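# Coordinate inspection notes
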Amino acid sequence: MNFLWVAIAVVVVVVVVGLVVWTLRRRKPVDSVASVALETPTRPPAEPAAETPPAEAPAEVPSVEDASLETPEQPASRMVRLRRRLASSRNGLARALADLLSADKLDAATWDAFETTLLSADLGVGPTTELVDGLRAKLGVEGTSDPAVARQALHDDLLTLVDPSLDRSLSLTHDAGVPAVVMMVGVNGTGKTTTVGKLGRLLVAEGNTVLFGAADTFRAAAAEQLTTWGGRVGVETVSGAEGADPASVAYQAVERGVKDGVDVVLVDTAGRLHTKVGLMDELGKVKRVIEKLAPVTEVLLVIDATTGQNGLAQARIFAEVVDVTGLVLTKLDGSAKGGIVVAVQRELNVPVKLVGLGEGVDDLAPFDPEQFVQGLLGE
Ligand code: GDP
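Conventions used here
Residues numbered from 1 in each chain as written. Predicted model: local features only at pLDDT ≥ 70, side-chain atom pairs only at ≥ 80, totals over all residues. Heavy atoms only, no water. Buried < 20%, exposed > 50% of the residue type's maximum accessible area, 1.4 Å probe, protein only. Helix = DSSP H or I, 4+ residues; strand = E, 2+ residues; numbered from the N terminus. Pairing = 2+ DSSP bridges. Right-handed = clockwise from strand over helix to strand, strands pointing away. Near = heavy atom within 4 Å. Polar contact = N/O pair within 3.5 Å; in protein donor to acceptor, adjacent residues only side chain to side chain. Nonpolar A, V, L, I, M, F, W, Y, C, P; charged D, E, K, R; others polar. Axes fitted to C-alpha atoms, helices over the stretch in contact; angles between N-to-C directions. Contact = heavy atoms within 4.5 Å.

## Focus: the pairing of strand β7 (residues 352-356)
- Counting buried residues in β7 gives 5 out of 5 residues, a clear majority hidden from the surface.
- Relative to β7, strand β6 (residues 326-330) is paired through 3 bridges, and the arrangement is parallel. By the bridge assignment for β7, V328 is matched with L354.
- Taken together, β6, helix α15 (residues 340-348) and β7 constitute a β-α-β crossover, and its handedness is right-handed.

## Let's talk about the site of the ligand
- The local shell around the ligand holds 18 residues, among which G189, T193, T194, D333 and E359 are the closest.
- Note that an oxygen atom of the ligand is positioned 3.3 Å from one of the backbone N or O atoms of T190.
- Side-chain polar atom of T194 to an oxygen atom of the ligand: 2.6 Å apart, as the coordinates give it.
- With 4 residues, the top contributor of residues to the shell around the ligand is helix α10 (residues 192-205).
- The residue makeup of the shell around the ligand, split by class, is 2 nonpolar, 10 polar and 6 charged.

## Focus on the pairing of strand β2 (residues 210-215)
- Most of β2 is tucked away: 6 of the 6 residues are buried.
- The side-chain alternation of β2 yields two buried faces, one formed by V210, F212 and A214 and the other by L211, G213 and A215.
- As defined by bridge partners, β2 adjoins strand β4 (residues 264-269) across 6 bridges and the pair is classed as parallel. Bridge pairing links G213 to V267 in β4.

## With respect to the sheet that holds β7
- Read across the open sheet, the 8 strands follow the order β3-β2-β4-β1-β5-β6-β7-β8; overall the sheet is mixed. Edge strands, defined here as strands with exactly one partner in the open sheet, are β3 (236-239) and β8 (364-366). Ignoring strand direction, the axes of neighbouring strands in this sheet form an average angle of 25 degrees.
- With respect to the sheet, helix α11 (residues 222-233) is in contact with β2, β3 and β4, its orientation differing from that of β2 by roughly 170 degrees.
- Strands in contact with helix α12 (residues 246-260) are β1 (180-185), β2, β3 and β4; relative to β2, the strand with the most contacts, it is inclined by about 165 degrees.

Pasting the structure below:
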């Protein structure tokens, strides 16, 4: 009888031990998943970051550290990259040309529609008439059987209007120990401060040493905004107190430029359109005071491409009070009015030297007529 109880106890123990072992084995994979999950946070944080592809947006507005680490994009490749923005769907010119070429018959109504598109692209009445007349003569009233010929004709005529023969280089030649000085002028909000920042980076990319002068002392945040840009692009900013005399800040900036032996001083100015005489006095004084120390080699007038004829009228006032040597057309990225390039050059008799095609640090390019026309035509 005792023997029977012992046998039963042994069987029970074997079964219980077997069950425990079986259960433990089944739980093992669960434990390992849990341990991986617990280990994850202790991984070095650099690993997932390295796997993530670099996003485009942050690269356009890098922090101070990013900007100083990376090599700025070279001027030559900028317009090629930015051409795509011009060729975006907002651009009506390419579509108008396609409509023109797909029309069964080039009748008066078709030409009218084409002319309207050119006008609404802000090409101006004179250039539009020249372009349409020239194209009509080339294509003939019957139309052309070859769209490539028509496209080439429009391309060539637009290029002639933009005028590839103009000298668009910035004059920055300077004697040793005396910096070249660039004054940025124009109506508030056109993009002067932003352009000073972007131009600083462009010049640094070309191997120049640069200093910013924040002579827009009227707008409360202007000096701060420029200093922030300076930090982004690795350029120092000389600024004065809010409401200080702009000429004295400009003087201090150039004085510092001479002392530090920099190549270029970029001076941001206020764009108050109070009265024409007031503006003339203000900008005239800034220029005169700077020239006690160094010649002003460029006066760049900044024009917002989206403001059309109104912007052009305001720009004309600046051109009357100060000798403008070059134009900067900003915000061409957000505009279907690329024709303004032709209109402003004709109106002010000064070449467009730079174009702004976005808000990022590298979204300023030396103006290239061929790339520009290709962008306009969506090529
Ligand atoms: P300022 O008053 O003339 O100095 O003008 P700001 O430099 O402060 O620029 C006014 C606004 O225009 C800002 O929001 C800029 O980011 C924007 N801006 C300047 N240039 C461009 C450009 O080329 N494209 C676009 N989309 N925005 C621009």
